[in-house]
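# Chain and residue survey
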Amino acid sequence: MLLEVRDLRVEFTTREGVAKAVNGVSYEVAEGETLAVLGESGSGKSVTAQAIMGILDVPPGRITGGEILFQGRDLLRLKEEERRGIRGAEMAMIFQDALSSLNPVLTVGDQLGEMFVVHRGMSKKDARARAVELMDRVRIPAAAQRVRDYPHQFSGGMRQRIMIAMALALRPALIIADEPTTALDVTVQAQVMDLLAELQREYRMGLILITHDLGVVADVADRIAVMYAGRIVETAPVHDLYKAPAHPYTRGLLDSIPRLDHKGRELYAIKGLPPSLTAVPPGCPFHPRCPMAQDVCRTDVPPLYAVEPGGAAGLATGEGRGSACHFWRDCLEGTGSR
Ligand code: SF4
Ligand code: MG
């Protein structure tokens, strides 16, 4: 396994108290696999990624438990120096906002080239040639000229391609993309997502795609992990999840995206807001918003139940499915109220 996150816990101390931003999260990413991590803002999806990358220091978060095994090594036991060696070279991250991630006073050629100079000991000239190659590869027109331009001279979509090129430069085994297309126009979003998926397949990288948008993951991800209030509430192969969600929260998310096959059906909106992480409700953290909630939901925290192949849902396999809902069966078979 390329990456195994086991029972990860991250806390932040805030004025309101201790926020359990990541509360016992486990997931795996195999070589060449794309895992989509889905959730609203504050669900813990980005914080988990920052813990994996070892960049949790702003704002001050503490890892209070768990393991992060990357190619068998527990990253949480490595020295900062060793982690720095892994960052960029073996795992890289793509952020939502390229403009603030790129250095405004360096040309993109210098920024891309620097990766090769610093990590691969290349001459400036060779590094520049590699930068042009990379820009070409992410389909930036006239790369040989544009390599001398500064980040602000590119459109948002082109800047995001440059971010992808930077992440890919050293051929890492794992890429974490945190809302990589959220800041872009819808048409550009699709192009950038397609490019990322294509490169992921070509280089057989593991990819963690963090998003709040269930619409973007269907064609790209192999598996999906849905997060809510610092926990994973559902995990499944992406097509199984689309066909029949086993958690009411996932079902709410699915019902709230426009789908061609549901033409004419009114879009649904999950009522209410996610809880503050310093005041997570007892029992199932989703219960105040859940249309299927029963008394037990207000007192008993649901574990991540193994989801077996669903009868009425007609799923061929229950392989690797989990749901943190006491009534996952009803949800899967679509018999719960909404
Ligand atoms: Fe809803 Fe209860 Fe399931 Fe939580 S455990 S998602 S409240 S039905
Ligand atoms: Mg985020």
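Rules behind the numbers
- Residues numbered from 1 in each chain as written.
- Chains lettered and ligands numbered in written order.
- Predicted model: local features only at pLDDT ≥ 70, side-chain atom pairs only at ≥ 80, totals over all residues.
- Near = placed C-beta within 6 Å.
- Nonpolar A, V, L, I, M, F, W, Y, C, P; charged D, E, K, R; others polar.
- Buried ≥ 20, exposed ≤ 12 C-beta atoms within 10 Å, placed from the backbone.
- Helix = DSSP H or I, 4+ residues; strand = E, 2+ residues; numbered from the N terminus.
- Contact = placed C-beta atoms within 7 Å.
- Pairing = 2+ DSSP bridges.

### Focus on the site of ligand 1
- By nearness alone, 13 residues border ligand 1, and Cys-284, His-287, Cys-290, Cys-297 and Cys-325 come closest of all.
- Residue composition of the shell around ligand 1, grouped by class: 10 nonpolar, 3 polar and no charged.

### Thoughts on helix H10 (residues 248-255)
- Here H10 has its buried residues at Pro-248, Tyr-249, Thr-250, Arg-251 and Leu-253.
- Along its buried surface, H10 packs onto strand E9 (223-228), strand E10 (231-237), helix H9 (238-243) and helix H11 (328-332).

### Observations concerning unusual backbone geometry
- Even without being glycine, Ala-142 reaches a positive phi, approximately 55°.
- Tracing the sequence through the fold places Ala-142 in the loop between helix H5 (124-137) and helix H6 (143-146).
- We note that Arg-171 has phi near 55°; this positive angle belongs to a residue other than glycine.
- C-beta crowding within 10 Å serves as the criterion here: with 11 such atoms nearby, Arg-171 is assigned to the exposed category.

### Here we look at the pairing of strand E2 (residues 17-29)
- In this sheet, E2 lies alongside strand E1 (residues 3-14) in antiparallel orientation, the contact comprising 10 bridges. Looking at the pairing, Thr-14 lines up with Gly-17 of E2.
- Between E1 and E2, which pair antiparallel one after the other, the connecting turn spans 2 residues.

This is a description of form; function is not addressed.
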